[in-house]
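Here's the letter readout for the chains.
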Amino acid sequence: YLPYLPVDKADPTPRFHHIAVRRDDETAMRAEIARLGLPLAFEGGVPGLIFVYLDARATLGHYFEYVWATPEGWEMQCWPSEKAV
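Residues numbered from 1 in each chain as written. Predicted model: local features only at pLDDT ≥ 70, side-chain atom pairs only at ≥ 80, totals over all residues. Heavy atoms only, no water.

Caption draft 1: The pattern of salt bridges, seen in detail. By the definition in use, this model includes 5 salt bridges. Between E32 and R23 there is a salt bridge, with its nearest N and O atoms 3.0 Å apart. Accessibility expressed as a relative area gives 25% for R23, which makes it partly exposed. For D55, the salt bridge is made with R57, and the minimal N-O distance between the two is 2.7 Å. You can call R57 partly exposed: its relative accessible area is 37%. Connected via shared salt-bridge partners are E26, R30 and E43. (Salt bridge = Lys/Arg side-chain N within 4 Å of Asp/Glu carboxyl O. Buried < 20%, exposed > 50% of the residue type's maximum accessible area, 1.4 Å probe, protein only.)

Pasting the structure below:
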């Protein structure tokens with residue numbers, strides 16, 4: 001993660017880091033990620049939840065995060081059940 005931070009450690013300028021999108025179908029999410037062809041910056045997760053950061057700085061100026069979870073994973077993240085996907 002450190003290689004993606006500003007080079008000048010004394011630079012206090014706030015930066016928009018990323019935008020996240022929720023996906024409920026992991027297979028479809030992975031296919032969408034592959035179609036974008038953006039460099040993978042980081043991927044991780046916990047049981048029931050996966051997040052993938054793509055490096056979209058060259059085109060969008062920030063990172064693009066995909067998040068997939070099981071219903072229990074969304075509950076763990078406190079996603080409001082009444083919110084649409």
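Past the structure itself, the notes keep going.
Caption draft 2: The arrangement of the packing of aromatic side chains in detail. According to the stated counting rule, one finds 3 aromatic pairs in the structure shown. With a centroid separation of 5.9 Å and an interplanar angle of 25°, the aromatic rings of F42 and F51 are classed as stacked. Residue class for F42 comes out partly exposed when judged on its relative accessible area of 41%. Ring centres of F51 and Y53 lie 6.1 Å apart, and the angle between their planes is 80°; this geometry places the pair in the edge-to-face category. Given the relative accessible area of 17%, Y53 is considered buried. In this structure an aromatic cluster arises from ring pairing among F42, F51 and Y53. The ring of W74 is capped by R22, whose NZ or CZ atom sits 4.0 Å from the centre of that ring. (Phe/Tyr/Trp six-rings, centres within 6.5 Å; stacked < 30°, edge-to-face > 60°. Lys NZ or Arg CZ within 6 Å of the ring centre and 35° of its normal.)

Caption draft 3: Main features of the confidence of the model for the protein chain. Summarising the model, the protein chain shows a mean pLDDT of 86, and 88% of its residues fall at 70 or more. At the level of individual helices and strands, the protein chain shows its lowest average pLDDT in helix α2 (residues 71–76), which scores 86, and its highest in helix α1 (residues 26–36), which scores 97. (pLDDT = per-residue confidence, 0-100. Helix = DSSP H or I, 4+ residues; strand = E, 2+ residues; numbered from the N terminus.)

Caption draft 4: Spatial organisation of the sheet that holds strand β2 (residues 40–46). Read across the open sheet, the 4 strands follow the order β1-β4-β3-β2; overall the sheet is mixed. Whereas interior strands pair on both sides, the edge strands pair on one side only; in this sheet they are β1 (18–23) and β2. In this sheet, neighbouring strand axes are inclined to one another by 15° on average, regardless of whether the strands run parallel or antiparallel. Bridge count for strand β3 (residues 49–56) against strand β4 (residues 62–69) is 8 bridges, and the pairing is antiparallel. In the sheet register, L49 faces β4, and the bridge partner there is A69. (Pairing = 2+ DSSP bridges. Axes fitted to C-alpha atoms, helices over the stretch in contact; angles between N-to-C directions.)

Caption draft 5: View of the pairing of β2. Pairing between β2 and β3: 6 bridges, direction antiparallel. Paired with L40 across the strands is L54, a residue of β3. What sits between β2 and β3 in their antiparallel hairpin is a turn of 2 residues, with G48 showing a positive phi close to 90°.

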